[in-house]
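The lines below spell out each chain.
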Amino acid sequence: MIYCVEDERNIRELLVYTLETTGFEAEGFETGAELDTAMKKNLPELILLDIMLPGLDGFQVCRQIREKRNIPILLVSARQEDVDKIRGLGLGADDYIVKPFSPGELVARVKAHLHRYQQLTGQHTGNQLLQRGDLSIDREGHRVYLKGKEVPMPNKEFSLLLFLAENPGVVFSKETLFERIWGEDSLGDTATVSVHVNRIREKIEFSTTKPEYIETVWGVGYRFRK
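Residues numbered from 1 in each chain as written. Predicted model: local features only at pLDDT ≥ 70, side-chain atom pairs only at ≥ 80, totals over all residues. Heavy atoms only, no water.

## Examining the packing of aromatic side chains
In the structure shown here, the tally under the stated rule is 4 aromatic pairs. The interplanar angle of 15° and the centroid separation of 5.6 Å between the aromatic rings of Phe178 and Trp182 together place this pair among those described as stacked. With a gap of 4 residues between them, Phe178 and Trp182 both fall in helix α7 (residues 174–182), about one helical turn apart. Seen from their ring centres, Tyr213 and Phe224 are 5.9 Å apart, and the 40° between their planes marks the pair as tilted. In this pair, Tyr213 is assigned in the loop between α8 (191–204) and β10 (214–217) and Phe224 in strand β11 (residues 221–224), connecting sequence segments 11 residues apart. Just as Tyr213 is buried, Phe224 falls in that class too. (Phe/Tyr/Trp six-rings, centres within 6.5 Å; stacked < 30°, edge-to-face > 60°. Helix = DSSP H or I, 4+ residues; strand = E, 2+ residues; numbered from the N terminus. Buried < 20%, exposed > 50% of the residue type's maximum accessible area, 1.4 Å probe, protein only.)

In structure tokens, the structure reads:
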């Protein structure tokens, strides 16, 4: 279950709808007080928390949760100032998402934080083998197999392939992929993403000009075919 705390009804309903259409259970709340009441009955797996809330703001709610719980918290805000991001992360938030954002980016971040939290707490019970056509990806073993034959793949190539394969049909820009796989503070630029995608294609695609798995969406980015 994912709890979404957002005082604007339209945005709250959109968050819940986006998560539910991708297989999650989600519930929306208008205030931190409503969230607190719900958490006394049932703890969520992750919380999406808007900063601008009536009563206690998102920063205060985040601090109160973090004093008692280690649940992943993703702050959501239209405020882009670095000071807000630093403050939120300093209070224990796991991520800071700036509005407006695409549904694909939201879902990808939610999945990434849930996966990381489950691994850290030993709660991960999902299938470690991701199957996409003739392609098999062993999450735990960091191995890739094509038609049963192992395909050697360095760490960054593996991480990029796994990220795309876990989000089939979602288009990601080069900027988003660079940030998610290499990190904001890494040296390099988005051209690195194209280089790694080409290397992956050379290893897993029958034809690099007509890829079966990783598709180029011209002017936008890349997506893994469903």
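Having seen it, we continue.
## Quick notes on the confidence of the model for the chain
Chain-level pLDDT for the chain is 87 on average; 94% of the residues reach the 70-or-more range. Ranking the helices and strands of the chain by mean pLDDT puts strand β1 (residues 2–5) first, with 96, and helix α5 (residues 103–121) last, with 81. (pLDDT = per-residue confidence, 0-100.)

## Examining the environment of Val5
Here Val5 lies in strand β1. Judged by its relative accessible area of 1%, Val5 is buried. Taking the C-alpha atoms as reference, Val5 lies 31 Å from Tyr222; in sequence the two are 217 residues apart. Other than its neighbours up to four places away in sequence, Val5 contacts Phe29, Glu30, Thr31, Gly32, Leu35, Ile47, Leu48, Leu49, Asp50 and Leu53. (Contact = heavy atoms within 4.5 Å.)

## Some details on the packing of α7 against α8
Orientation of α7 relative to α8, taken along the N-to-C sense of each, is 80°, at an axis distance of 8 Å. As the angle between them shows, α7 and α8 are arranged roughly perpendicular. Between α7 and α8, the residues in contact are Lys174, Leu177, Phe178 and Trp182 and Thr192, Val193, Ser194 and His196, respectively. In terms of residue class, the contact of α7 with α8 is made up of 4 nonpolar, 3 polar and 1 charged. (Axes fitted to C-alpha atoms, helices over the stretch in contact; angles between N-to-C directions. Parallel < 35°, antiparallel > 145°, perpendicular 65-115°, else oblique. Nonpolar A, V, L, I, M, F, W, Y, C, P; charged D, E, K, R; others polar.)

## Topic: the state of the cysteines
Overall, the coordinates contain 0 disulfides when judged by the stated rule. Here Cys4 is not disulfide-linked; the sulfur of Cys62 is the nearest cysteine sulfur, at 15 Å. The exposure class of Cys4 is buried, given its relative accessible area of 0%. (Disulfide = S-S within 2.5 Å.)

## Remarks on the pattern of salt bridges
For the structure on display, the rule yields 14 salt bridges. One salt bridge in this structure joins Lys99 and Glu6, with 2.9 Å as the shortest N-O distance. With a gap of 93 residues between them, Lys99 in the loop between β5 (95–98) and α5 and Glu6 in the loop between β1 and α1 (9–21) connect regions that are remote in the sequence. On the accessibility criterion, Lys99 (17% relative accessible area) is buried. Since its relative accessible area comes to 1%, Glu6 is described here as buried. Across the pair Glu166 and Arg139 runs a salt bridge, and its minimum N-O distance is 2.8 Å. Here the residue Glu166 occupies a position in the loop between α6 (155–165) and α7, and Arg139 occupies one in the loop between β7 (135–138) and β8 (143–146), the gap between them amounting to 27 residues. The class for Glu166 is partly exposed, based on a relative accessible area of 23%. Residue Arg139 is classed as buried on the basis of its relative accessible area of 17%. (Salt bridge = Lys/Arg side-chain N within 4 Å of Asp/Glu carboxyl O.)

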